[in-house]
Amino acid sequence: RLIASADAEGYNTEFMIGNALGFESLEVTQPNELTQYQEFAPDIVIAALGANVSGDNASAFLPLYEQFIRDIGAQKNIIVSTIWGPEEFWTGIKESSENNAWAFVDCRTKSTPSNGGGTLDMDFGSWSAMNKLGDNSVGWHPGDTGMKLYAEQIWSEQLKDTIAEV
């Protein structure tokens, strides 16, 4: 969805997608993919965190996370909240974003056109596959509808303007 939005606006874009599960859960103190991200040399990093950062490890994770974003070396950074994680964690991430002059998009509570003005929050609305799959630990992840809502928020809140700056 983000690629399609950028293409529709006439931007020549390349995207790289990564997963930092071991990093989020503090199994490692630096994502194994860091060198790969640096070699890609992105102009913009969009970082979205998942459920593996919890209240128990959030304070230890925050300085590592800030360093990781800096080490990638992008011109612009957009930090995206997801539906997971305790409020105090997101408060810390938002403050970190402000302190580092990184854009912050809060996708947890803002309404979007695709869901009729509803929010992408933990009510397991139409955006999720909750109770539609045999395993609700999978079902509570955003499906196609939820990912579309994330993309709309990121594009409309920050990326459209940010991509024009780089």
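Keep in mind that this is a model prediction, so the values were computed, not measured.

1. Structural notes on the sheet that holds strand 2 (residues 76–81)
Then, in step 1: Read across the sheet, three strands follow the order 1-2-3 without closing on themselves; strand pairing throughout is parallel. Here the strands that pair on one side only, and so sit at the sheet edges, are strand 1 (44–48) and strand 3 (103–106). Adjacent strand axes in the sheet meet at a mean angle of 20° when their direction is disregarded.
Then, in step 2: For strand 1 and strand 2, the ladder comprises five bridges, and the chain directions are parallel. Within the sheet, the bridge partner assigned to Ile44 lies in strand 2 and is Lys76.
Then, in step 3: In the packing of helix 5 (residues 87–99) onto the sheet, the strands contacted are strand 2 and strand 3, and the crossing angle to strand 3 comes to about 150°.
Then, in step 4: Across the sheet, helix 7 (residues 144–165) is in contact with strand 1, strand 2 and strand 3; its angle to strand 2 comes to roughly 170°.

2. Considering the pattern of salt bridges
Then, in step 1: Inspection of the entire model under this criterion finds two salt bridges.
Then, in step 2: Here Glu165 and Lys76 are joined by a salt bridge, their closest N and O atoms 2.8 Å apart. Pair noted here: Glu165 is in helix 7 and Lys76 is in strand 2, with a separation of 89 residues, a long-range link.
Then, in step 3: Judged by relative accessible area, Lys76 falls into the partly exposed class, the value being 31%.

3. Brief notes about the side chain of Glu66
Then, in step 1: Among the secondary structure elements, Glu66 is positioned in helix 4 (residues 58–72).
Then, in step 2: Judged by its relative accessible area of 17%, Glu66 falls in the buried class.
Then, in step 3: Separated by 2.5 Å, the side chains of Glu66 and Ser96 make a polar contact.
Then, in step 4: Other than its neighbours up to four places away in sequence, Glu66 contacts Ser96, Asn100 and Trp102.

4. Looking at the confidence of the model for the chain
Then, in step 1: Across the chain, the average pLDDT comes to 77, with 73% of residues at 70 or higher.
Then, in step 2: Within the chain, the lowest mean pLDDT, 65, falls on helix 6 (residues 136–139), and the highest, 89, falls on helix 3 (residues 34–40).

5. A short note on helix 5
Then, in step 1: Compared with an ideal rise of 1.5 Å per residue, which puts 13 residues at 18 Å, helix 5 spans 18 Å between its outermost C-alpha atoms and is within 8% of the ideal.
Then, in step 2: Those residues of helix 5 lying buried are Phe89, Trp90, Gly92, Ile93, Ser96 and Ser97. One face of helix 5 carries all of its buried residues, which in axial projection span an arc of 155°. Those residues of helix 5 that are exposed and aimed more than 90 degrees away from the buried face are Glu88, Glu98 and Asn99.
Then, in step 3: For helix 5, the elements touching its buried residues are helix 4, strand 2 and strand 3.
Then, in step 4: At the exit of helix 5 stands Ala101, carrying a positive phi of roughly 60°.

Parameters and conventions
- Residues numbered from 1 in each chain as written.
- Predicted model: local features only at pLDDT ≥ 70, side-chain atom pairs only at ≥ 80, totals over all residues.
- Heavy atoms only, no water.
- Pairing = 2+ DSSP bridges.
- Helix = DSSP H or I, 4+ residues; strand = E, 2+ residues; numbered from the N terminus.
- Axes fitted to C-alpha atoms, helices over the stretch in contact; angles between N-to-C directions.
- Contact = heavy atoms within 4.5 Å.
- Salt bridge = Lys/Arg side-chain N within 4 Å of Asp/Glu carboxyl O.
- Buried < 20%, exposed > 50% of the residue type's maximum accessible area, 1.4 Å probe, protein only.
- Polar contact = N/O pair within 3.5 Å; in protein donor to acceptor, adjacent residues only side chain to side chain.
- pLDDT = per-residue confidence, 0-100.
- Expected span 1.5 Å × (residues − 1).
- Arc of directions from axis to C-beta.

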